[in-house]
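# Structural description and commentary
Take a look at the letters that make up each chain.
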2 protein chains.
Amino acid sequence: METKIELIGCGTVGQGFLEILNNKKEFLFKKYGFIPKIIAVSDINKGNLIDKNGINISTLLNVLEKDGKLSDLNKESEKYNNLSAVDIIKKTDADITVEVSYTDIKSGEPATSYIRTALMMGKHVVTSNKGPIALYYKELKELADSENVHLKFEGTVMSGTPIFNLIENTLLGDTIKSIKGILNGTTNFILTKMETDGLTYDEALGLAQKLGYAEADPTADVEAYDALAKILILSNVVFGGNLKLKDVYREGITKITREDVLKSLKEGYRYKLIGQTRIEDGKIFAEVKPVKLSVKEPLSNVSNATNALIFKTDLLGEIMIQGPGAGKIETGFSILVDVLDVLKRRNKILQ
Amino acid sequence: METKIELIGCGTVGQGFLEILNNKKEFLFKKYGFIPKIIAVSDINKGNLIDKNGINISTLLNVLEKDGKLSDLNKESEKYNNLSAVDIIKKTDADITVEVSYTDIKSGEPATSYIRTALMMGKHVVTSNKGPIALYYKELKELADSENVHLKFEGTVMSGTPIFNLIENTLLGDTIKSIKGILNGTTNFILTKMETDGLTYDEALGLAQKLGYAEADPTADVEAYDALAKILILSNVVFGGNLKLKDVYREGITKITREDVLKSLKEGYRYKLIGQTRIEDGKIFAEVKPVKLSVKEPLSNVSNATNALIFKTDLLGEIMIQGPGAGKIETGFSILVDVLDVLKRRNKILQ
């Protein structure tokens with residue numbers, strides 16, 4: 001069955017999603033009867049493109065890879081270039097809005113406005129954008145419920161590694177009491193390299209930057225703002241909280257030296273940047289900080305850029321899921337799985 | 001909404017399931033609108049009980065804990081005591097048959113006959129019984145499909161830790177290329193104790209028996225028949241194979257000595273009983289055997305009775321799930337989650 005999709009933002013994640021649609025076209029049709037029809041794309045740098053008949057994904061990818069303008073694909077679309085993404089969302093009749101524009105963890109904008117508009121238009125929304133979910137989950141979820149549409153965001157925590165879909169679909173009847181884990185690949189890579197290669201903090205950070213794990217300005221990672229946003233999302237989504245950024249204690253890894261790392265390893269402990277949240281008598285306690293874990297603990301053996309979360313539940317005890325925390329295809333997959341989950345819930349794909 | 005359930009077998013798993021229904025009654029109703037109505041119970045040792053109006057779960061648990069007969073609960077049911085479980089399944093109009101009778105990995109009986117009968121009666125089936133799924137999955141799945149009902153078996157691999165529900169519900173669009181992991185808690189416990197406490201194989205096995213991890217006759221665990229059944233299930237379910245027991249290479253842990261374990265640890269390796277299966281060009285390769293893994297590998301850090309599986313997929317790369325592999329409540333939960341998943345797919349519970 002054809003599904004009309006509009007894509008807001010086409011940076012790394014958007015392109016990862018399109019690549020998967022392109023490469024797995026036949027498989028997705030055969031297995032699920034899924035026929036994606038991209039009817040609009042809007043990007044703050046690349047302009048807008050609308051085509052009711054569906055945009056050719058392969059051609060679209062070619063233009064994006066060459067850093068071209070979207071209107072190169074269809075000259076008629078030049079007339080849309082003065083429209084904002086909000087205007088585009090209002091204009092189309094897409095079934096699903098895929099919101100993968102840039103993340104601003106402090107304001108949540110402009111992505112929150114895009115999502116709000118799409119939900120008000122009665123469109124399902126799939127996003128991997130941490131800002132809107134960390135800051136406005138409660139409001140957006142209520143809006144989605146009132147419009148009888150789905151709001152999905154698997155990619156906001158651990159990219160496509162199943163977290164929210166795991167909780168929603170595989171732990172039915174179980175109750176989660178606490179969640180803790182390694183939620184930032186860059187800092188875990190730095191801590192690993194300080195231990196295994198004896199690098200100083202600055203050398204390890206430099207290597208992470210060289211390999212593309214860390215940004216030129218690494219603050220969001222090393223000062224734990226990124227992990228904080230994820231713990232905030234888990235707290236509010238899983239425990240139904242309404243915590244704000246300031247409610248979560250945050251401490252980064254910048255004060256940890258190579259000497260600290262090597263000394264603690266001799267004593268049988270590894271430094272890890274651990275995010276944790278738990279609910280007790282209806283109250284949520286959440287924090288992100290470096291913790292010395294025994295080398296025998298499962299989380300202390302999660303190395304390099306890998307992420308992992310441990311859920312403590314009342315029926316299953318502890319279960320741990322470990323997997324990628326970032327990546328073009330991995331996060332692109334989070335968009336695909338959420339789109340398919342929405343369609344499954346609406347009986348729009350084969351099951 | 002009321003769901004009519006019949007319970008075939010009421011040993012550890014059946015009682016675990018009933019305990020959860022009893023303890024989480026209010027939660028299950030509030031969250032999912034789920035009202036379980038146990039209308040029949042059949043156990044080869046304890047007799048039969050049928051009550052169209054629903055059996056009081058708390059009273060039923062009392063009788064089972066005291067090792068009483070089911071007809072103690074309802075004298076009228078004595079007349080059913082000459083009926084077989086197959087007769088009971090034919091007689092009731094249950095929506096879901098929960099099959100948790102004893103496991104025979106060589107014949108799959110009598111459980112396979114119970115499941116076949118229930119499916120032919122148009123009932124959904126939920127089971128944690130490895131025998132029928134390891135030996136007759138293809139036939140049973142085709143029967144379920146032709147009757148338009150669900151056949152669920154989360155508990156057959158890693159008890160309630162999500163494996164099949166993880167694959168079915170959280171990896172939509174992804175393709176699994178290989179699966180490997182630690183699928184037997186008893187042998188992992190023995191190997192761990194040989195390393196951490198310096199026990200001999202016999203001492204570690206004795207401890208496992210004392211703690212209830214191993215049976216008096218430990219053959220199924222230590223000779224890897226249990227892990228073999230699970231790898232067979234994974235091969236046939238996930239890769240659509242039709243492998244038989246003889247198609248899977250099997251080697252147990254009985255030849256591994258304390259000296260082997262300690263020597264290999266000094267060299268940076270740990271012995272683990274690893275089950276693995278992979279598909280290449282449509283051909284499936286499956287085996288279970290002890291493997292020396294680098295202490296840096298995630299699976300080598302899975303200790304004691306814990307189980308873990310690594311899935312290699314085309315979009316996500318490697319993800320690992322770790323959790324309990326056995327237990328009364330843990331396996332009881334596998335039944336609950338499957339029952340709720342069936343009801344969700346039929347829009348019979350709140351989502």
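Here we summarise the structure given alongside this text. (Residues numbered from 1 in each chain as written. Chains lettered and ligands numbered in written order. Predicted model: local features only at pLDDT ≥ 70, side-chain atom pairs only at ≥ 80, totals over all residues. Heavy atoms only, no water.)

## Regarding unusual backbone geometry
In this chain, Glu109 of chain A is followed by Pro110 of chain A through a cis amide linkage whose omega measures 0°. Its place among the elements puts Pro110 of chain A in the loop between β4 (96–99) and α5 (111–120). Phi is positive for Met158 of chain B, close to 60°, though the residue is something other than glycine. Along the chain, Met158 of chain B falls in the loop between β6 (151–152) and α7 (164–170). On the basis of relative accessibility, which here comes to 0%, the residue Met158 of chain B falls in the buried class. Phi is positive for Asn347 of chain B, close to 55°, though the residue is something other than glycine. With respect to the element layout, Asn347 of chain B can be found in the segment after α13 (328–345). (Helix = DSSP H or I, 4+ residues; strand = E, 2+ residues; numbered from the N terminus. Buried < 20%, exposed > 50% of the residue type's maximum accessible area, 1.4 Å probe, protein only.)

## Points about helix α11 (residues 225–238) of chain A
Residues and elements named next belong to chain A. With 14 residues, α11 should reach 20 Å at 1.5 Å per residue; the first-to-last C-alpha distance of 20 Å fits that figure. In terms of burial, α11 is largely enclosed, as 11 of its 14 residues are buried. Looking at α11, one finds that the buried residues are Asp226, Ala227, Leu228, Ala229, Lys230, Ile231, Leu232, Ile233, Leu234, Ser235 and Asn236. The positive-phi residue at the C-terminal boundary of α11 is Gly240, with phi of around 60°. (Expected span 1.5 Å × (residues − 1).)

## Here's the deal with the nonpolar core
By size, the foremost hydrophobic cluster in this structure holds 197 residues, and its most contacted members are Phe34 of chain A together with Phe34 of chain B. Dropping the residues within four chain positions of it, Phe34 of chain A is found in contact with Met1, Thr3, Ile5, Leu21, Leu28, Phe29, Leu336, Val339, Leu340, Leu343 and Ile349 of chain A. Core analysis: the next-biggest nonpolar cluster, separate from the first, contains 18 residues, Ile182 and Met320 of chain A together with Ile182 and Leu293 of chain B among them. (Core = buried A, V, L, I, M, F, W, Y, C linked by side-chain atoms within 4.5 Å. Contact = heavy atoms within 4.5 Å.)

## Observations regarding the relation of the copies chain A and chain B
With an RMSD of 0.0 Å, the operation that places chain A on chain B is a rotation of 180° combined with a shift of 0.0 Å along the axis. Taken together, the rotation and translation relating the two chain copies correspond to the operation of a two-fold axis. Using C-alpha coordinates, one finds that chain A approaches the rotation axis most closely at Ile321 of chain A, a distance of 2.3 Å. Both copies present the same face, since 100% of the interface residues in chain A are matched by interface residues at the equivalent positions in chain B. (Least-squares fit on C-alpha atoms with pLDDT ≥ 70 in both.)

## Comments concerning the pattern of salt bridges
Side-chain pairs of opposite charge can arise where the charged atoms are in close proximity. Scanning all chains against the criterion turns up 49 salt bridges over all chains. For Lys130 of chain B, the salt bridge identified is with Asp226 of chain B, shortest N-O distance 3.3 Å. Of this pair, Lys130 of chain B sits in helix α6 (residues 130–146) while Asp226 of chain B sits in helix α11 (residues 225–238), and the two are 96 residues apart along the sequence. With respect to class, Lys130 of chain B is no different from Asp226 of chain B; both count as buried. Here the residues in one salt-bridge network are Lys152, Glu168, Asp338, Asp341 and Arg345 of chain A, joined through shared partners. (Salt bridge = Lys/Arg side-chain N within 4 Å of Asp/Glu carboxyl O.)

## Quick word on the packing of helix α8 (residues 185–196) of chain B against helix α9 (residues 201–210) of chain B
Residues and elements named next belong to chain B. At a minimum axis separation of 9 Å, α8 and α9 run at an interaxial angle of 130°. Taken together, the axes of α8 and α9 lie oblique to each other. At the point where α8 passes α9, the crossing takes the right-handed sense. On α9, the residues that touch Thr186, Phe189, Ile190, Lys193 and Met194 of α8 are Tyr201, Ala204, Leu205, Leu207 and Ala208. For the contact of α8 with α9, the per-class residue count stands at 8 nonpolar, 1 polar and 1 charged. (Axes fitted to C-alpha atoms, helices over the stretch in contact; angles between N-to-C directions. Parallel < 35°, antiparallel > 145°, perpendicular 65-115°, else oblique. Left-handed = near helix turned anticlockwise from the far one by under 90°. Nonpolar A, V, L, I, M, F, W, Y, C, P; charged D, E, K, R; others polar.)

## Thoughts on the packing of aromatic side chains
The full count for this structure, using the stated rule, is 8 aromatic pairs over all chains. Between Phe189 of chain A and Tyr213 of chain A, the aromatic rings sit 4.8 Å apart at their centres with planes inclined by 65°, giving edge-to-face as the arrangement. Of the two residues, Phe189 of chain A sits in helix α8 (residues 185–196) while Tyr213 of chain A sits in the loop between α9 (201–210) and α10 (219–222), which places them 24 residues apart along the sequence. Accessibility expressed as a relative area gives 40% for Tyr213 of chain A, which makes it partly exposed. When the ring of Tyr137 of chain B is compared with that of Phe153 of chain B, the centres are 5.6 Å apart and the planes differ by 75°; the resulting orientation is edge-to-face. Separated by 16 residues along the polypeptide, Tyr137 of chain B in helix α6 and Phe153 of chain B in the loop between β6 and α7 bring together distant segments of the chain. Each member of the pair, Tyr137 of chain B together with Phe153 of chain B, is buried. Following the ring pairs from residue to residue traces out a cluster consisting of Tyr137, Phe153 and Phe164 of chain A. Stacked on the ring of Phe285 of chain A, the Lys or Arg Arg278 of chain A has its end atom at 4.5 Å from the ring centre. (Phe/Tyr/Trp six-rings, centres within 6.5 Å; stacked < 30°, edge-to-face > 60°. Lys NZ or Arg CZ within 6 Å of the ring centre and 35° of its normal.)

## Focus: the sheet that holds strand β3 (residues 47–50) of chain A
All names here are of chain A. Strands sit in the order β3-β2-β1-β4-β5-β6 across an open sheet of 6 strands; the sheet is mixed. The outermost strands of the open sheet, each flanked by one partner alone, are β3 and β6 (151–152). Where strand β1 (residues 2–8) and β4 come together, 4 bridges link them in parallel fashion. Considered in β4, the bridge of Ile8 is made with Glu99. (Pairing = 2+ DSSP bridges.)

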